[in-house]
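Per-entry structural report
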Amino acid sequence: MIIDIHGHYTTAPPQHQAFRDAQLARLADPALPAAVPAVLSDDAIRESVESNQLKLLRERGGDFMLFSPKASAMEHHVSDPATAQEWARANNDLVHRVVGLFPEHFAAVCQLPQTPGGTLDAARAELRRCVQTLGFVGCNLNPDPSGGHWTSPPLTDAYWFPLYETMVELDVPAMIHVSASCNPNFHALGAHYLNADTSAFMQFVEGDLFGRFPTLRFVIPHGGGAVPYHWGRYRGLAVRLGRPDPAEHVMRNVFFDTCVYHQPGIDLLHRVIDTDNILFASEMLGAVRGADPETGIAWDDTKRYVDRAGLTEEELHKIFEANARRVYPRLDALLTTKGR
């Protein structure tokens, strides 16, 4: 089985975005009527997925995808807690409907209702609702709700501990994933996302988070940001700072995906990072769309790159399936009940 652990609902019907627009308009002008979530038919949802993510999943040889709300639209920089909660709930409910319509191909990962400087009480409650009531298998965690201004404490700070306690209790991992960039210095897709991936890893190197939470698990997407390319730098910094080797200190709890959009990048990822720490993913119809004019291969058809990386059958099995089932145990349980 080939499991893609990084998919977003980037193709939701336009009425859903209209609800968001109405939310934001009312924040600017409280005299406007309250926004109401869009009423979407099953047919509209089916069409938005069948001709997009599901079509590409099948064409590219995939079997199953972890599906979450559109990352750039989480917009955690919007500081009103009630709005954040309503928006996260609407997004998660919509993803839940996708899973209900295509249970053989999708499992759900939730958005958390984060705000800059806000408490994590609502995030914990929404995570519980999604996992315990709706059957979600993981969550996306934004380390920078401010959108590029980095006003939140590092991920190793006690501020985050209540959420980690809930993650450990529910036995679900989090993918580190920022949302929109509000800082013009950082292009959202080309800088902000990769900055966050790289920064999160260095925070883990500097801290002792996994001594306190030994079963806590994170997926750092987009191939781990700059980390594989600078692995020697991080090992050297660990020595300089008196920290343990990252391979032992961090990589028992942290995993990278394969959202790297060229062959040399995938080759490097597999040469540097242990196979047990790599999970297959594409983030299809996300940041980079279309085909590489030099190869004719779609940028986000990452299976092509993995297939050509010279890996053994055992290594491919780990990357395509086994690691995902290990890192996401609720996914493994879900697939096992389906006889898969």
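So, a few notes on the structure that sits alongside this text.

Reading guide: rules and limits
- Per chain, the residues get numbers from 1 upward, laid out in the order the sequence is written.
- Thresholds applied to this predicted model are a pLDDT of at least 70 for local features of residues and 80 or more for the giving and counting of side-chain atom pairs; totals over whole chains, interfaces and linings are not thresholded and use all residues.
- Here the side-chain values reflect all heavy atoms present in the structure, with hydrogen atoms and water set aside.
- We call a set of buried Ala, Val, Leu, Ile, Met, Phe, Trp, Tyr and Cys residues a nonpolar core when their side-chain atoms join them within 4.5 Å.
- Here the term buried applies to any residue with accessible area under 20% of the maximum for its type, exposed to any over 50%, and partly exposed to those in between, with areas from a 1.4 Å probe on protein chains only.
- Contact between two residues is taken to exist if any of their heavy atoms lie within 4.5 Å; hydrogens are not considered.
- Runs of E in the DSSP output that reach at least two residues are strands. Runs of H or I that reach at least four are helices, and both are numbered from the N terminus.
- For this analysis, a polar contact is any N or O atom pair within 3.5 Å, provided that within protein one partner can donate a hydrogen and the other can accept it, and provided that sequence-adjacent residues contribute only side-chain to side-chain pairs.
- A pair of strands is labelled paired if DSSP reports no fewer than 2 bridges between them.
- Axis lines are fitted to C-alpha atoms, over the contacting stretch for helices. Their N-to-C directions set the angle, which ranges from 0 to 180 degrees.
- By this rule, a helix spans an expected 1.5 Å times one less than how many residues it contains.
- In this context, the arc is that of the directions from the helix axis out to the C-beta atoms.
- In summary, the pairing rule links any two rings of Phe, Tyr or Trp, Trp by its six-membered ring, whose centres are within 6.5 Å, and it sorts them by plane angle into stacked for under 30 degrees, edge-to-face for over 60 and tilted for everything else.

1. A short note on the nonpolar core
Judged by nonpolar contacts, the single largest core of 72 residues is most densely connected at Leu127, Leu141, Tyr164, Phe201, Phe204 and Phe218. If we ignore the near neighbours within four places in the chain, the residues touching Phe204 are Leu155, Thr156, Leu209, Phe210, Phe218, Ile220, His249, Val250 and Val254. One finds Phe64, Ala107, Val219 and Ala281 within the second-largest nonpolar core, a separate group that totals 19 residues.

2. Re the side chain of Ser146
Inspection of the secondary structure puts Ser146 in the loop between strand 4 (138-141) and helix 6 (161-170). In this structure Ser146 comes out as buried when scored by relative accessible area, which is 9%. At a separation of 2.5 Å, a polar atom in the side chain of Ser146 contacts the side chain of Asp144. Side-chain polar atoms of Ser146 contact the backbone nitrogen of His149, separated by 3.1 Å.

3. Examining the environment of Asp197
Relative to the helices and strands, Asp197 is located in helix 7 (residues 188-206). Given the relative accessible area of 1%, Asp197 is considered buried. Separated by 30 residues in sequence, Asp197 and Val227 have C-alpha atoms that sit 8.4 Å apart. The contact partners of Asp197, leaving out residues within four places of it in the chain, are Ile176, Ile220, Pro221, His222, Gly224 and Gly225.

4. Looking at the sheet that holds strand 1 (residues 3-9)
The 8 strands are arranged 1-2-3-4-5-6-7-8 in an open sheet whose pairing can be described as parallel. The open sheet has two edge strands with one neighbour each: strand 1 and strand 8 (278-279). Pairing between strand 6 (residues 218-220) and strand 7 (residues 254-257): 3 bridges, direction parallel. Pairing of Phe218 across the sheet is with Val254, part of strand 7. Against the sheet, helix 4 (residues 81-101) touches strand 1, strand 2 (64-69) and strand 3 (106-111), its axis set at about 175 degrees to strand 3. In the packing of helix 14 (residues 329-337) onto the sheet, the strands contacted are strand 1, strand 2 and strand 3, and the crossing angle to strand 2 comes to about 130 degrees.

5. Quick look at helix 1 (residues 14-28)
Given a rise of 1.5 Å per residue, 15 residues ought to cover 21 Å, and the 21 Å separating the end C-alpha atoms of helix 1 matches this to within 8%. Where helix 1 is concerned, the buried positions are His16, Phe19, Arg20 and Gln23. Projected onto a plane normal to the axis of helix 1, the buried residues spread over an arc of 95 degrees and lie on a single side. Along helix 1, exposed side chains directed more than 90 degrees from the buried face belong to Pro14 and Ala28.

6. Considering the packing of aromatic side chains
One pass over the full model with this rule turns up 16 aromatic pairs. Considering the side-chain rings of Phe67 and Phe106, the 4.9 Å spacing of their centres and the 50 degrees angle between planes classify their relative orientation as tilted. Separated by 39 residues along the polypeptide, Phe67 in strand 2 and Phe106 in strand 3 bring together distant segments of the chain. We classify Phe67 as buried; its relative accessible area is 0%. For the pair Tyr164 and Phe213, a centre-to-centre distance of 5.8 Å together with 80 degrees between the ring planes defines the contact as edge-to-face. Note that Tyr164 is positioned in helix 6 and Phe213 in the loop between helix 8 (209-212) and strand 6, a separation of 49 residues in sequence. On the basis of relative accessibility, which here comes to 0%, the residue Tyr164 falls in the buried class. Exposure remark for Phe213: the relative accessible area of 7% places this residue in the buried category. Taken together, the aromatic side chains of Phe161, Tyr164, Phe204, Phe210, Phe213 and Phe218 make up a single cluster linked through ring pairs.

7. Here's the deal with unusual backbone geometry
Not every positive phi belongs to a glycine, and Glu75 is a case in point at roughly 50 degrees. Looking at the secondary structure, you find Glu75 in the loop between strand 2 and helix 4. For Trp150, which is not glycine, the phi dihedral falls at a positive 55 degrees. Inspection of the secondary structure assignment puts Trp150 in the loop between strand 4 and helix 6.

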